[in-house]
Amino acid sequence: VDWSAASVNMPLEPGDRIYTGQDGRAEIEFEDGSIYRIARNTDVEILSLREERIQLRILVGLSTLIVGSDTDFEINTPAAAFTALRKGTYRFGVNDNGDSDAIARKGELEAANNHFSRRIQTGEMIQVAVNGEENPRYSRYDRRDEWDEWNDRRNADMNAYAGKRYLPSSVSIGVYDLHRHGRWINVESYGIAWVPAGISVSWAPYSVGRWCYRPFYG
């Protein structure tokens, strides 16, 4: 009902809304390895987190979705719904009046509302008016602005993380943060293990931090 401050590593559930504010950015990691990043002054709602289909709603703002699996992602905006048809990188923008645009930086996207349905290929952009009276506009998108460059740098940092080779492919959430908070070592008679940095000798897992209850998780 009321807004409250979000914290890093906070689990999300259907019905949650995230608003970044004037100077905020946020990154949402999904269990399938996909990533959703939202820019400043962006308001997003989590509609569904089913294993086979994830649905998000953008009320206003700028965001980028990186689909890393065969999970269906549907992005709803005031003007149209956009469905990622395969792995790729997709950018969405919603103006204050509800007019919406989508860009397939890589991959294939389906855009639809009550008046049209159209597939968007790599390098294409669609702009849809919220009133539905104007026909959607299509164009090429072959440039990169500050938001695209920040996403590309973030992707490069993640892909360069060497510790991923020590983990199974089914583990994705949080693995990119491990290298900033510890190191990988070879433990005799056991194998490769991750050791956290900056802790006391008496540290034990789950002994530092806080517990909170979330209805979707417990």
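Only a predicted model underlies this, so the values are computations on that prediction, with no experimental measurement involved. (Residues numbered from 1 in each chain as written. Predicted model: local features only at pLDDT ≥ 70, side-chain atom pairs only at ≥ 80, totals over all residues. Heavy atoms only, no water.)

**Details of the pattern of salt bridges**
Then comes step 1: On inspection of all chains with the given rule, the structure shows 16 salt bridges.
Then comes step 2: In this structure, Glu27 engages Arg37 in a salt bridge whose closest nitrogen and oxygen atoms are separated by 2.6 Å. Of this pair, Glu27 sits in strand 2 (residues 26-29) while Arg37 is found in strand 3 (residues 35-38), placing the two residues 10 residues apart along the sequence.
Then comes step 3: Here Arg91 makes a salt bridge to Asp145, at a shortest N to O gap of 2.9 Å. Pair noted here: Arg91 is in strand 8 (residues 88-94) and Asp145 is in the loop between strand 13 (137-140) and helix 1 (146-159), with a separation of 54 residues, a long-range link.
Then comes step 4: A relative accessible area of 10% means that Arg91 is categorised as buried.
Then comes step 5: What makes Asp145 partly exposed here is its relative accessible area of 29%.
Then comes step 6: One network of salt bridges, with partners in common, ties together Arg91, Arg105, Arg144, Asp145, Asp148 and Asp152. (Salt bridge = Lys/Arg side-chain N within 4 Å of Asp/Glu carboxyl O. Helix = DSSP H or I, 4+ residues; strand = E, 2+ residues; numbered from the N terminus. Buried < 20%, exposed > 50% of the residue type's maximum accessible area, 1.4 Å probe, protein only.)

**Regarding the nonpolar core**
Then comes step 1: Counting 30 residues, the largest nonpolar core has Tyr36, Phe82, Phe92, Leu109 and Ile126 as the members making the most contacts within it.
Then comes step 2: No other element matches strand 5 (residues 53-67), which puts 5 residues into this core.
Then comes step 3: Beyond its immediate stretch of four places on either side in the chain, Tyr36 contacts Ala26, Glu27, Ile28, Phe30, Val44, Leu56, Ile58, Ser63, Thr64 and Leu65.
Then comes step 4: The next biggest cluster of nonpolar side chains, apart from the first, holds 6 residues, and it includes Met158, Val175, Tyr176 and Leu178. (Core = buried A, V, L, I, M, F, W, Y, C linked by side-chain atoms within 4.5 Å. Contact = heavy atoms within 4.5 Å.)

**Some words on the environment of Ile185**
Then comes step 1: Mapped onto the secondary structure, Ile185 falls in strand 14 (residues 182-187).
Then comes step 2: Expressed as a C-alpha distance, the spacing of Ile185 and Val195, which sit 10 residues apart in the sequence, is 7.2 Å.

**Examining the pairing of strand 4 (residues 43-49)**
Then comes step 1: Within strand 4, 5 of the 7 residues are buried, which leaves the element mostly enclosed by the surrounding structure.
Then comes step 2: Where strand 1 (residues 17-19) and strand 4 come together, 3 bridges link them in antiparallel fashion. Directly across from Ile18, in strand 4, lies its bridge partner Val44.
Then comes step 3: Relative to strand 5, strand 4 runs antiparallel, the two sharing 6 bridges. Each residue of the ladder has a partner; that of Glu45, found in strand 5, is Arg57. (Pairing = 2+ DSSP bridges.)

**Re the packing of aromatic side chains**
Then comes step 1: Tallying each qualifying case throughout the model produces 6 aromatic pairs.
Then comes step 2: Here Phe82 and Phe92 contribute two aromatic rings whose centre-to-centre distance is 5.7 Å and whose plane-to-plane angle is 45°, an arrangement assigned as tilted. With Phe82 in strand 7 (residues 81-84) and Phe92 in strand 8, this pair connects stretches of sequence that are 10 residues apart. The pair formed by Phe82 and Phe92 is uniform in burial state, with each residue classed as buried.
Then comes step 3: Its guanidinium or amino end placed over the ring of Tyr138, Arg118 lies 3.9 Å from that ring's centre, counting from NZ or CZ. (Phe/Tyr/Trp six-rings, centres within 6.5 Å; stacked < 30°, edge-to-face > 60°. Lys NZ or Arg CZ within 6 Å of the ring centre and 35° of its normal.)

**Digging into a nonpolar patch on the surface**
Then comes step 1: On the surface, a nonpolar cluster with roughly 290 Å² of combined accessible area is contributed by Ile199, Trp203 and Val208.
Then comes step 2: A residue is classified by how much of its surface remains accessible, and Ile199, at 39% relative accessible area, is partly exposed. (Patch = residues over 30% accessible without salt bridge, like charges linked within 9 Å, V, L, I, M, F, W, Y side chains within 5 Å. Areas by Shrake-Rupley, 256 points an atom, 1.4 Å probe, with all protein chains shown as cover.)

**Quick look at the side chain of Thr64**
Then comes step 1: Structurally, the position occupied by Thr64 is in strand 5.
Then comes step 2: According to the relative accessible area criterion, Thr64 is buried, its value standing at 1%.
Then comes step 3: Looking at Thr64, its side chain comes within polar contact range of the side chain of Trp147, at 2.8 Å.
Then comes step 4: Apart from residues no more than four positions distant in its own chain, Thr64 is found in contact with Ile35, Tyr36, Arg37, Thr89, Tyr90, Arg91, Trp147 and Asn151. (Polar contact = N/O pair within 3.5 Å; in protein donor to acceptor, adjacent residues only side chain to side chain.)

**Observations regarding the confidence of the model for the protein**
Then comes step 1: Confidence along the protein averages 91 in pLDDT terms, with 99% of residues attaining 70 or more.
Then comes step 2: By mean pLDDT, strand 15 (residues 191-196) is the weakest element of the protein at 90, and strand 8 is the strongest at 98. (pLDDT = per-residue confidence, 0-100.)

**Details of the side chain of Arg91**
Then comes step 1: Side chain to side chain, Arg91 and Tyr141 meet in a polar contact 3.2 Å long.
Then comes step 2: Among the polar contacts made by the side chain of Arg91, one reaches the side chain of Asp145 at a distance of 2.9 Å.
Then comes step 3: Discounting residues that sit within four places of it in the chain, Arg91 has contacts with Leu62, Ser63, Thr64, Asp101, Ala102, Ile103, Tyr141, Asp145, Trp147 and Asp148.

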